[in-house]
Amino acid sequence: MEVTSRYSIDIDDINKRNSENVYRLIQRGEDAYEEQVKDIASNIKTKNKKIVLITGPSSSGKTTSSYKLKKMLAKLGVKSFVVNMDDFFKDLSTVPLRADGKPDIEGIVALDVNCVRNCLNEILTTGKTSIPTFDFATHKRTNKWKKYVIEDKSVIIMEGIHALNPAITKGLDKAKIYKVYVHCNTNFTFEDRILFFARELRLIRRLVRDERERQVPFQGTIDVWQDVCNGEESNIRPFKDRADYLLNSTHYYEPLLYKNLILEKLINIKNQSDTVKMLIEKFKVCSTISSQFVPKDSLIREFIGEEI
């Protein structure tokens, strides 16, 4: 397994770098991430892989990473297609219920595993397959199937929370499959202590994205965060060690960017929760970076949106 080691970045250091040259600081973060994607693409081409499976916890950037990889593979002359594993969901009415009586939509029981395996097997044996389409408005599979032809030098990239579950690849030729686990693998420190844990960075990413895309107030995202993390512990993290590559999606400058985007909004929240108060205190030691400096094609745009 090719991994990125656990990183620790000092807030004082990035504050200093920000004051000296914000462009250089941001480019350093972008380059560190892009070099990993380049490594993955090179491995896929060199090892002649046909299927790439990508997973990661919430707000790790796995969706954008899938398309970044597609773009990098193209530079190496490898054509690829990105498929979302969500299209293999079963009709909601057939999904088994949890102990609380709600459908277990996060568990692998919600996924048509046999259909996934059949499609992957067809790719490996015939170079052709058809992928279903799931309608999230009706919570049902449609009658539309998309056909794919995977040529000799082509790759299919499948992204989803269950992508590394061994049930997905049971009976398949593992030599033709490459597995990637996307995560935030960096803690930010201040005065020899951890200021932002990697998991907190993902929470902040989700706060920013959920408010922007879904108009979910910060506290609403915070309230469900523990359930999200519990689901990750059950469905995603147990299979982390099966990955061929651990992709660290942390960008050096993120805390400074998020302070600029959300600190004032956090301060204005009435009846602040302990988590809100904690984030306010932590952001106080960070300088700020405007989102206008973030490249338009940065992975971070998955969370902050288009240039403001």
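This section reports on the structure supplied with the text. Source: prediction; values computed, not measured. (Residues numbered from 1 in each chain as written. Predicted model: local features only at pLDDT ≥ 70, side-chain atom pairs only at ≥ 80, totals over all residues. Heavy atoms only, no water.)

**Here we look at the sheet that holds strand E6 (residues 154-159)**
- Sheet architecture is open: 5 strands sit in the order E3-E6-E2-E7-E10, paired in parallel fashion. Edge positions in the sheet fall to strand E3 (79-84) and strand E10 (245-248), since each has one partner strand and no second. On average, adjacent strands in this sheet sit at an angle of 25° to one another, irrespective of strand direction.
- Across the sheet, helix H2 (residues 22-46) touches strand E2 (51-55), E6, strand E7 (177-183) and E10, and the angle it forms with E10 is around 155°. (Pairing = 2+ DSSP bridges. Helix = DSSP H or I, 4+ residues; strand = E, 2+ residues; numbered from the N terminus. Axes fitted to C-alpha atoms, helices over the stretch in contact; angles between N-to-C directions. Contact = heavy atoms within 4.5 Å.)

**Describing the state of the cysteines**
- Tallied over the full model, the rule gives 0 disulfides.
- The structure places no disulfide on cysteine 229, whose sulfur is separated from the nearest cysteine sulfur, that of cysteine 184, by 12 Å.
- For cysteine 229, a relative accessible area of 2% corresponds to the buried category. (Disulfide = S-S within 2.5 Å. Buried < 20%, exposed > 50% of the residue type's maximum accessible area, 1.4 Å probe, protein only.)

**Some details on the sheet that holds strand E9 (residues 193-196)**
- If you walk across this open sheet you meet the 3 strands as E1-E8-E9, and the pairing is mixed. In this open sheet, the two edge strands, each paired with only one partner strand, are strand E1 (7-10) and E9. Across the sheet, the axes of successive neighbouring strands diverge by a mean angle of 50°, strand direction being ignored.
- Here E1 pairs with strand E8 (residues 186-190) via 4 bridges, running parallel. When the bridges of E8 are listed, aspartate 10 appears paired with threonine 189.
- In the packing of helix H1 (residues 11-20) onto the sheet, the strands contacted are E1, E8 and E9, and the crossing angle to E1 comes to about 55°.

**Points about the nonpolar core**
- Counting residues in each nonpolar core, the largest one holds 61 residues, and the members touching the most others are Val52, Leu69, Tyr258, Ile262 and Phe283.
- Ranked by the residues each element gives to this core, the list is headed by H2, at 8 residues.
- For phenylalanine 283, the contacting residues outside a window of four places in its chain are Phe196, Ile204, Pro255, Tyr258, Lys259, Ile262, Leu263 and Leu266.
- Within the second largest apolar cluster, 32 residues are counted, among which are Val83, Cys115, Val116 and Ile236. (Core = buried A, V, L, I, M, F, W, Y, C linked by side-chain atoms within 4.5 Å.)

**Some details on the packing of aromatic side chains**
- For the structure shown, the criterion picks out 6 aromatic pairs.
- Arranged with centres 6.1 Å apart and planes meeting at 80°, the rings of phenylalanine 89 and phenylalanine 136 form a pair that is edge-to-face. With phenylalanine 89 in the loop between E3 and helix H4 (113-126) and phenylalanine 136 in the loop between strand E4 (128-135) and strand E5 (140-149), the pair connects residues that are 47 residues apart, well separated along the chain.
- Aromatic ring contacts, followed pair by pair, group Phe89, Phe134 and Phe136 into a single cluster.
- Stacked on the ring of tyrosine 252, the Lys or Arg arginine 28 has its end atom at 4.4 Å from the ring centre. (Phe/Tyr/Trp six-rings, centres within 6.5 Å; stacked < 30°, edge-to-face > 60°. Lys NZ or Arg CZ within 6 Å of the ring centre and 35° of its normal.)

**Notes on the packing of helix H6 (residues 198-214) against helix H9 (residues 274-283)**
- Contact geometry of H6 with H9 gives a least axis separation of 13 Å together with a crossing angle of 105°. Taken together, the axes of H6 and H9 lie roughly perpendicular to each other. Contacts between H6 and H9 involve Glu200, Leu203, Ile204 and Leu207 on the former and, on the latter, Thr275, Met278, Leu279, Lys282 and Phe283.
- Counted by class, the contact of H6 with H9 contains 6 nonpolar, 1 polar and 2 charged residues. (Parallel < 35°, antiparallel > 145°, perpendicular 65-115°, else oblique. Nonpolar A, V, L, I, M, F, W, Y, C, P; charged D, E, K, R; others polar.)

**Examining helix H8 (residues 254-267)**
- In this model, H8 (14 residues) spans 19 Å end to end at C-alpha, consistent with the 20 Å of a helix rising 1.5 Å per residue.
- Approximately 45° is the largest bend angle found in H8, and it occurs at asparagine 260.
- Most of H8 sits out of view: 10 of its 14 residues are buried. (Expected span 1.5 Å × (residues − 1). Bend = angle between axes of the 7 residues up to and from the residue.)

**Structural notes on the packing of H1 against H2**
- Viewed as axis vectors pointing N to C, H1 and H2 meet at an angle of 130°, and their least axial separation amounts to 5 Å. If you check the angle between H1 and H2, you find them oblique. Residues Asp13, Ile14, Arg17, Asn18 and Glu20 of H1 form the contact with H2, whose own contacting residues are Val22, Leu25 and Arg28.

**Structural notes on the layout of surface pockets**
- Considering only enclosed or pocket space, the largest pocket measures out at about 1,400 Å³ in volume.
- Taken together, 47 residues make up the lining of the largest pocket; nearest its centre are Asp86, Phe89, Ile105, Glu106 and Ile161.
- Contributing elements (two or more residues each) for the lining of the largest pocket: helix H3 (62-75), E3, H6 and helix H7 (218-235).
- The leading source of residues in the lining of the largest pocket is H7, at 7 residues.
- Class assignment of the residues belonging to the lining of the largest pocket gives a composition of 18 nonpolar, 14 polar and 15 charged. (1 Å grid on protein atoms, 1.4 Å probe; cavity = no way out; pocket = protein on both sides within 12 Å on 5 of 7 lines; lining within 4 Å. Points joined across faces, edges and corners; volume = space filled by probe spheres on them.)

**Regarding empty space enclosed by the protein**
- What the rule picks out here adds up to 1 cavity of 30 Å³ or more.
- Computed from the structure, the largest cavity encloses a volume of approximately 30 Å³.
- What lines the largest cavity is simply Val37, Ile40, Ile54, Ser65, Leu69, Val180, Val182 and Leu247.
- If you list the elements that add at least two residues to the lining of the largest cavity, you get H2, H3 and E7.

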